Each structure stands twice: as C-alpha cells, then as structure tokens.
Amino acid sequence: MRAKRYLLLALCAWMAVAGGVSAQEATKPAEDPGLSDVLTDLLNGGKDGTATPGPDRRVPFGREEMQLSFAPLVKDTAAAVVNVYASKQVKARSPFEGDPFFEQFFGRGAPRNRSSLGSGVLVDPSGIVVTNNHVVQDADQVKVALSDGREFTSKVLLKDDSLDLAVLKIDSDKPFPTIAIGDSDALQVGDLVLAIGNPFGVGQTTTSGIVSALARTHIGVSDSGFFIQTDAAINPGNSGGALINMGGQLIGINTAIFSRTGGSIGIGFAIPSNMVRAFTEAAKGGAEFFERPFIGASFEPVTPQIAESLGMDHPAGALISSVDENGPAARAGLKPGDVVLSFNGAAIEHMEALDYRLATQPIGGKATLSVLTKGEEKAVEVALERAPEGASTNEVLLGGRSPFAGAKVAVLSPRLAQRLRVATDTKGVVIVGVDGGSAAAGFGFQAGDIVRELNGETIDTAEKLKQLAEEDTRWWRFTVERDGRIMRQMLRY
C-alpha cells in the first residue's frame, strides 16, 4: 500500500509539472474517467483489493494533513493533568545511635522528609484525582498542584499496590477541569496517543506516540498483568499521568517504563482506562478496598501440553483447576478441566486476561463465558457475586510472650483473602494486622502471613493459635506462608 501511495504522489507531481497546475489542483480527481479509475485502484489496493483503510484510521495524505497539530487537543486536556507531591517523615540513622556519650553531646538524629514526585489526572469535577499507588505509598502528606499554580492538600480515598492505583480527593468551591475516561477496549495497535505528565520535575510535558502493543503481561510492575504499551516518551515523574487518545479521552494511566538507563527508550506501559474506571467508582462509593467479583473458581495457564491434550489448535484461555461447590461457577455447571475462551465476547488469551476482565465488571451483574468442555464450546452465564465472608469473621489479638504477641489474626474467608490480596481459595489462619512496637512487628510478621503450624500443632482456627501462642514456653517452632512461600523457623524467645 505504501508503494502505491508513493506512486500516486509521483503521478500527481508529474501532472503538476506537465500541466503547469498547483499541487493542490493536481491532487483533485482527474476529469478523465480512465485516469480516475487508475487513481481509485491505486488507493484501494486494486479492483479486488481489501486494504482500504477505514475513514477513522488512515495514514496522513497530502501537505495540508502533514501540517496538522495536536495543540487543540493538548489545550483541552492538559489542565486536568496535575502534579502529585508526596512526603514522609523518616528518622535519620546515625552510626552512633544508641551511644550515650555521643547522644549527650550531639543529640539524636533529627527526622527528615523524604519526598516523591509524580503526576495525576482529574477525572471528576468534584476533585477526584487518579494516580499511581507507588507515588503516594506510605506518605504522611500528599499535595496536588494544578497547572494554573493552585495547590491543594489531598486525602487518599483508596489505594491498591497490586493494581498500582490510588484515588485522591481535593476540594474547592469551583469545579475542576477533567478528562473523560474512555474505553480502552476500543484501542488498536497503531493508534495515535499522547502522554502528559511531569517527567523529572521539569514541568508539564506532552509527548506523542502510538499504541505499540496491548495486554502486556509479566513486566514486573504490579500483580495486574494487562498493560497498554506505547512508544510515547515516558520518564520518571510521568507516573500517574494521562495517556489520551485522539478524542481527548483518558485511555490509560502511565505507570512504568522499560529502561537500562533510567530514561525513555520507547517502551512505556499504562494501566487501561477500564480498570481505572472500575477502581475510581469503588473509591467514590467509599470502598475500604477494591473488590473483584467472585465466581468461586480457580484458574491455571493453558500450557502447550494441556492445549494438545484437549485438542486445541494453540494454547489460549484459562484452565479451571478447582470449583467452589457452593459458588456461582458450580451453579453455572463449570467443572475442573474446562477452559474459558472468552468473557462477554472478549477473547481470553491467557489467565491474566480473565483476571482483568473480571476485575473491571461490577459486582451483582452477570457475565457470559465461552467455555471449552469435553471438546465442545458452549456459552455459560455466570453470576458475579460479592466474595462471601465465611463462617467466622472474628479477629483475635494474640498476647503472651510469644513471637506472635501483638498480631491480630482471623480465619481466612474469600472476602478477607481479597482484602489481603491472597488467593481466594486459600485456607487457614491469617495475620490481618500487627501492632507497632510489638513482638510480632519486631520479628517481621506482616498482614497476609498465613500461620500453618505452631510448636508441632496444625493451625486451623484463630482460637487454637491464641491458645498455643500464650503458652508458658521459651522455645518456638512455627511455619508461616507468605506470597506462596513456606518459611519455617525455630527460636528461643
């Protein structure tokens, strides 16, 4: 097609020179119907060609189009992209800390502020700002600065490090400029995009590029594995900034880059706007954490070996590994060994795609899955429910003189597992919180740690763990699971 366009341009130029007409006139349809047919064939890829670009997507053609500018688009959207300043007070460390002589003369190390700079996007005129979680994580104070110079102290409504998203709230007596959230599922590889943010703190900057790839996974940014890849220049400080389409809609939150030098080399990643929309709606609704719909099934990747055994042409979809007998999946007739191929009409290329599709759906609705079962493909409707609380919601504070003193524990339920970001089919007793300055904090226990054994006893209830943890003994032997890793320890305390 490119060669044919070059041929057409050469033909137009020859006509202009030979006939003494302007370049603009040379590009008008020829009066000779034979020549018109030739031009039409060149543009359409021949009489039988099927390569004609659609009216909404085509390469620039003609001098006038090459002189077009993104300036009006930037003018309409840039005011809604903000700077986010996060600060945290940390205690300065000294090599002589704890030495009475040096502390008497030089005093203790004074606390200092540690700050980070990022970007954010106003998505609601009431002052709702979306940014990355890593920009505001553990911050004592978060300020938002607008492009007009105004600064606001913000409140964090919701944050999630597994998605690397955070929602802030700022207040004013006047509505804020916003960018409408678009549909990231409408994106295609090759679409033009603009990235707006504050790289390296130099001030608001706009860069242009294209969508390089969709549904990128395993890039090590967060647990979420469904990113938009772009070659629009993204640098440190762009995190939380806007990726917009040619309609001026937000289609991604810039999150990370792949770089060996720390600067942009044309490989940047953004969180899709459909995930941003779902997360923002949860924050506006006052959610304590971001809930995903529960269907009561666990999934595994479809490997080439599994695909071959199931008679599939190539590995695709998500393999059901287990089904909760009382969950929506079981009621819909899904069974272990079935493969989910599509979700509400969207193809499921891998397990991460199914996680993403589920997370962007509202709780209380229904989804239609295309499922391969026993060699046949069928449509199955599944209810999207809230994860159940489980039989017991009691949280127990551990006391005594054990390494667990100061930890609060509870029996895992699917809903609690979601809040602590562990697999919803995980069983056991989990630490839900640790008091600062307690023995448990000193030993490094964290929320989400699952206590499997203590002093030779299997832990299956919070009350049993409390009884064993408060026994009068100095020797402790325990097994803890963290992020799927088993840790065993024996100590005298």
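## Let's talk about the overall build of the chain
A tally of helices and strands in the chain yields 14 helices and 26 strands. Within the chain, contacts between residues at least 6 apart in sequence are counted, and of these 59% link residues at least 24 apart. When the accessible surface of the chain is split by element, carbon and sulfur atoms take 51% of a total near 26100 Å².

## Focus: the sheet that holds strand β8 (residues 192-197)
With antiparallel pairing, the six strands of this closed barrel are ordered in space as β8-β9-β10-β13-β12-β11. The sheet shows a mean angle of 45 degrees between the axes of neighbouring strands, taken without regard to direction. Bridge analysis of β8 against strand β11 (residues 242-244) gives three bridges, and the strand direction is antiparallel. Paired with I196 across the two strands is A242, which belongs to β11. Together, β12 (250-257) and β13 (268-272) form the strand contacts of helix α8 (residues 273-284), whose direction differs from that of β13 by roughly 45 degrees.

## Things to note about the packing of aromatic side chains
On inspection of all chains with the given rule, the structure shows seven aromatic pairs. Ring centres of F152 and F176 lie 5.3 Å apart, and the angle between their planes is 80 degrees; on these two criteria the pair is classed as edge-to-face. One end of the pair, F152, is in strand β5 (residues 151-153); the other, F176, is in the loop between β7 (165-169) and β8, with 24 residues separating them in the sequence. Relative to Y356, the ring of F226 has its centre 4.1 Å away and its plane inclined at 10 degrees; by these criteria the two rings are stacked. Residue F226 is located in the loop between β9 (205-216) and β10 (227-230), and its partner Y356 is located in helix α11 (residues 351-359); the two are separated by 130 residues in the primary sequence.

## Some points on α8
Between its first and last C-alpha, α8 extends 16 Å over 12 residues, near the 16 Å set by a 1.5 Å rise per residue. The buried fraction of α8 is high, at nine of 12 residues. Positive backbone phi, approximately 85 degrees, marks G286, located one or two places after α8.

## Some points on a nonpolar patch on the surface
Residues F70, L192, I210 and M246 make up a contiguous nonpolar surface patch of about 310 Å² in total accessible area. Of the residues examined, F70 reaches a relative accessible area of 31% and is grouped as partly exposed.

## Re the pattern of salt bridges
Taken as a whole, this structure holds 17 salt bridges when the rule is applied. A salt bridge links K284 to D124, with the shortest nitrogen-to-oxygen separation between them at 3.3 Å. In this pair, K284 is assigned in helix α8 and D124 in strand β2 (residues 111-124), connecting sequence segments 160 residues apart. Taking the relative accessible area as the measure of exposure, K284 reaches 42% and is therefore partly exposed. Assessed through its relative accessible area of 17%, D124 is described here as buried. The partner of E281 in a salt bridge is K284, and the shortest N-O contact between them spans 3.8 Å. Of the two residues, E281 and K284 both sit in helix α8, three residues apart, roughly one turn of that helix. Through salt bridges with shared partners, one network takes in E291, R386, E389 and R415.

What counts, and where the lines are drawn
- Residues numbered from 1 in each chain as written.
- Predicted model: local features only at pLDDT ≥ 70, side-chain atom pairs only at ≥ 80, totals over all residues.
- Heavy atoms only, no water.
- Helix = DSSP H or I, 4+ residues; strand = E, 2+ residues; numbered from the N terminus.
- Contact = heavy atoms within 4.5 Å.
- Areas by Shrake-Rupley, 256 points an atom, 1.4 Å probe, with all protein chains shown as cover.
- Pairing = 2+ DSSP bridges.
- Axes fitted to C-alpha atoms, helices over the stretch in contact; angles between N-to-C directions.
- Phe/Tyr/Trp six-rings, centres within 6.5 Å; stacked < 30°, edge-to-face > 60°.
- Expected span 1.5 Å × (residues − 1).
- Buried < 20%, exposed > 50% of the residue type's maximum accessible area, 1.4 Å probe, protein only.
- Patch = residues over 30% accessible without salt bridge, like charges linked within 9 Å, V, L, I, M, F, W, Y side chains within 5 Å.
- Salt bridge = Lys/Arg side-chain N within 4 Å of Asp/Glu carboxyl O.

Bear in mind that shape data such as this cannot, by itself, settle questions of function.
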